[in-house]
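Below, each chain spelled out in residue letters.
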Amino acid sequence: MKPKYNKQVIRRISKYLFEHQWLFLSTLLLACLMTGLSVFVPTVIQEVLDRIFSSKSSQNQFLINGIILIGFMFLIKEILNCLRIRTNNKLEQKVIFKIRKDLHDKLLDLPISFYDRRKSGEISSRVVEDVQNVERAILDGTEQGVIAVMTLVGVSTMMFLQEPRLAALVFIPLPVLILIGFNYAKVSKRNWKAVREASGELNSLLVEDIQGNRLIQAFALKKREREKFDKTGRILEQKSLQAMYRWSIQGPGASFLSSLGILSVVGMGAYLLKNDPTFTSGKFFAFLLYANMFYEPVRQLVSINNLIAAGKASGERVFEILDTPLEIENTPNAESFPMAIEKVEFKEVSFSYNEQNVIVQKLSFSIPAGTTTALVGPTGAGKSTTANLLLRYYDVDSGQIAIGNTDIRSIDLTSLRQNIGLVSQDPFLFDATVKENLLLAKPNAEENEIWQALDMASASQFVKKLPLKENTMLGERGIRLSMGEKQRITLARAMLKNPPLIILDEATASVDVETERHIQKGLENLVKDRTTLIIAHRLSTIRNADQILFMEDGKIVEVGNHQKLMDLGGRYSKFCHYQSNLITQ
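Small disclaimer: the values here were computed from a predicted structure and weren't measured.

**Student:** Would you mind showing me how to read the overall build of the chain here?
**Tutor:** Helix and strand counts for the chain come out as 20 helices and 10 strands. Counting every atom, the chain has about 30500 Å² of accessible surface; 57% of that belongs to carbon and sulfur.

Dropping the structure here:
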């Protein structure tokens, strides 16, 4: 990454701190007071020792008073430290929450195409782990860095005021420490970025294994998944060790150089004690304390380099999401959904996912208000893509989709999707109660409306048999219900929403014939007098449609109702005969 972009990452991360500037400044103020107190402790110790060693008479009372004073200074320092930690923790949690909230808000705004290209576990890794690393870099790094710099300035001032010759010796290793620190930071950032990416891969695999647990059990894939996890985990282990290996050299190396500085102070201090009457034992003892205090923040600044390197790597991953452009968004003067739908019209619509393989080509058809149009055709013909375009999950490459006379790109996205009811092949239910899942469609729905929707979806009977009826928890993705039961709950949700426009995308494809009969009854109630687009393979779902469009390779090749297309003897007729033969067999 370029140095300029590095600075941008740090600057953008820092903005989160200044949103809570009073907490941040309070943390720094407490840290400064604590540091200032620490810097004066060796001077007080020097004064106590010099007074005791220089006096021939008993100085027991002075020693006791001195110890009490020093102990009191330590107590005040730790009280300040306690307040600093509490303030810092409060600031830390606020910053973490704000970054995660911004990420979550962005993820909700991003189009479906963003998720088509990424693994869910890798995304969650960025929201949880990378944000934690970013927070540590900006908050702990800033606070510890300020304390370290203040300690260096304070200690350096006291050392030069007391004995410039010894102070100069302490500074000798400093340029080398700074040089190796900067060199380490360059390599470390690259290594930690590799660690974060490997961690994201492992997290993705873990989420995939949890979500696909039933398939893993059914196909006896445990050995395969263990091997995959072992391989991915070892890559993470290798990357982590590589990053830590550099620190295993850097940390001890910096400590050794610091020790040489202290060793020089011991040697020179002993010489001065013997040959310079003005250099007292108290001053020597205080100087040793100052030398240790000087190198501790130097080592801390070097370790902060490691912290910031990891934070920058994570910051890139966080801001990659935050900087992802919104491909689907409202126009400046977006309109509300039309009050009355005259028709839904596709005009010369073309679309491709990757600008190479065209999925839909010059597609033109209309759905008159209150009628049902069915899209039929082989897998990959572009049927579900057509529904996705109507929901504006993707924007068309060319052409136009209009509701009434309004291009859907001119309609407010929230308004558009609030007025379209979707029942898909893979029904999604939240880990909540039946009632809570239904209220997503209409938050203020009355009890009788909920049961009416369940009844119309042929779902009321099985819901009444649940342990807590409509207040029964359904589990993640509705795992405690059968596929047919989940589908009927989603039908009831669509009915409660009561939208003017309905999309049924293979709504009965994953259920048995008996369950289909129950769902079919619910579907008939749902589509009655509504403008409806059906994508289906089963004849029971499509034969009563007002208009049937047979699609192939992204184009409409036949149009008509069921009887007309059967009489035509074309693609649709062969499709129906093939399905009938399968049932007969």
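**Student:** Mind showing me how you'd approach the environment of Ile542 here?
**Tutor:** Of note, Ile542 is situated in helix α18 (residues 539-542). Using a relative accessible area of 0% as the deciding quantity, one classes Ile542 as buried. Each C-alpha atom of the pair Ile542 and Asn561 lies 9.4 Å from the other, and the pair is 19 residues apart in sequence. Sequence-distant contacts of Ile542, that is, excluding residues within four places in its chain, are made with Ala374, Val376, Ile534, Ala536, His537, Ile548, Tyr572 and Phe575.

**Student:** Could you clarify how one ought to interpret the sheet that holds strand β4 (residues 398-403) in this entry?
**Tutor:** Strands pair in a sheet through their backbones, by hydrogen bonds, and they do so in one of two ways: parallel or antiparallel. With antiparallel pairing, the four strands of this open sheet are ordered in space as β2-β1-β4-β5. With one partner strand each, in any of the chains shown, β2 (358-368) and β5 (406-407) form the two edges of the open sheet. As paired strands, strand β1 (residues 343-352) and β2 are joined by seven bridges and run antiparallel to one another. Looking at the pairing, Glu345 lines up with Ser366 of β2. Where helix α11 (residues 383-390) meets the sheet, it contacts β1, β2 and β4, and its direction lies at approximately 115° from that of β1.

**Student:** Hey, could you run me through the confidence of the model for the chain in this one?
**Tutor:** Mean pLDDT over the chain works out to 79, with 89% of the residues at or above the 70 mark. Looking across the chain, the model is least confident in helix α8 (residues 213-218), with a mean pLDDT of 61, and most confident in β4, with 88. Across residues 1-5, confidence stays below pLDDT 50; counting only partners more than four residues off in sequence or on other chains, it has six contacts.

**Student:** What's the story with helix α16 (residues 483-497) in this structure? I'm lost.
**Tutor:** Since the α-helix advances by 3.6 residues per turn, residues separated by three or four positions end up pointing in the same direction. In this model α16 runs 21 Å from its N-terminal to its C-terminal C-alpha over 15 residues, within 8% of the 21 Å that 1.5 Å per residue would give. Counting buried residues along α16, 12 of its 15 residues qualify, which places the element largely inside the surrounding structure. Those residues of α16 that fall on the buried side of the exposure criterion are Gly484, Lys486, Gln487, Arg488, Ile489, Thr490, Leu491, Ala492, Arg493, Ala494, Met495 and Leu496.

**Student:** Got a minute to help me understand the side chain of His562 in this structure?
**Tutor:** Here His562 is to be found in helix α19 (residues 562-568). Note on His562: relative accessible area 12%, which makes it buried. Setting aside residues no more than four positions away along its own chain, His562 makes contact with Leu539, Arg543, Ile548, Tyr572 and Cys576.

**Student:** What is the right way to look at the packing of helix α6 (residues 164-171) against helix α9 (residues 222-275) in this model?
**Tutor:** For any two helices packed against each other, one specifies the inter-axial angle together with the distance between the axes. For the pair α6 and α9, interaxial distance at closest approach is 9 Å and the crossing angle is 165°. Accordingly, the angle class assigned to the pair α6 and α9 is roughly antiparallel. At the point where α6 passes α9, the crossing takes the right-handed sense. Along its contact with α6, which presents Arg165, Leu166, Leu169 and Val170, the element α9 presents Ser264, Val265, Met268, Gly269 and Leu272. A class-by-class count of the residues in the contact of α6 with α9 yields six nonpolar, two polar and one charged.

**Student:** Can you help me understand the packing of aromatic side chains in this one?
**Tutor:** What characterises a pair of aromatic rings is the spacing of the ring centres plus the angle enclosed by the ring planes. Counted by the stated rule, this structure contains seven aromatic pairs. Here the aromatic rings of Phe171 and Phe294 are separated by 4.9 Å at their centres, their planes lie at 45°, and the arrangement is tilted. A residue pair is termed long-range when its members are at least 10 positions apart, and Phe171 in helix α6 and Phe294 in helix α10 (residues 281-322) qualify at 123 residues. Their ring planes at 10° and their centres at 4.6 Å tell us that Phe346 and Phe365 sit as a pair that is stacked. Highlighted residues: Phe346 in strand β1 and Phe365 in strand β2, separated in sequence by 19 residues. Each member of the pair Phe346 and Phe365 is classed as buried. A network of ring pairs unites the aromatic residues Phe160, Phe171 and Phe294 as a single cluster.

Calculation rules
Residues numbered from 1 in each chain as written. Predicted model: local features only at pLDDT ≥ 70, side-chain atom pairs only at ≥ 80, totals over all residues. Heavy atoms only, no water. Helix = DSSP H or I, 4+ residues; strand = E, 2+ residues; numbered from the N terminus. Areas by Shrake-Rupley, 256 points an atom, 1.4 Å probe, with all protein chains shown as cover. Buried < 20%, exposed > 50% of the residue type's maximum accessible area, 1.4 Å probe, protein only. Contact = heavy atoms within 4.5 Å. Pairing = 2+ DSSP bridges. Axes fitted to C-alpha atoms, helices over the stretch in contact; angles between N-to-C directions. pLDDT = per-residue confidence, 0-100. Expected span 1.5 Å × (residues − 1). Parallel < 35°, antiparallel > 145°, perpendicular 65-115°, else oblique. Left-handed = near helix turned anticlockwise from the far one by under 90°. Nonpolar A, V, L, I, M, F, W, Y, C, P; charged D, E, K, R; others polar. Phe/Tyr/Trp six-rings, centres within 6.5 Å; stacked < 30°, edge-to-face > 60°.

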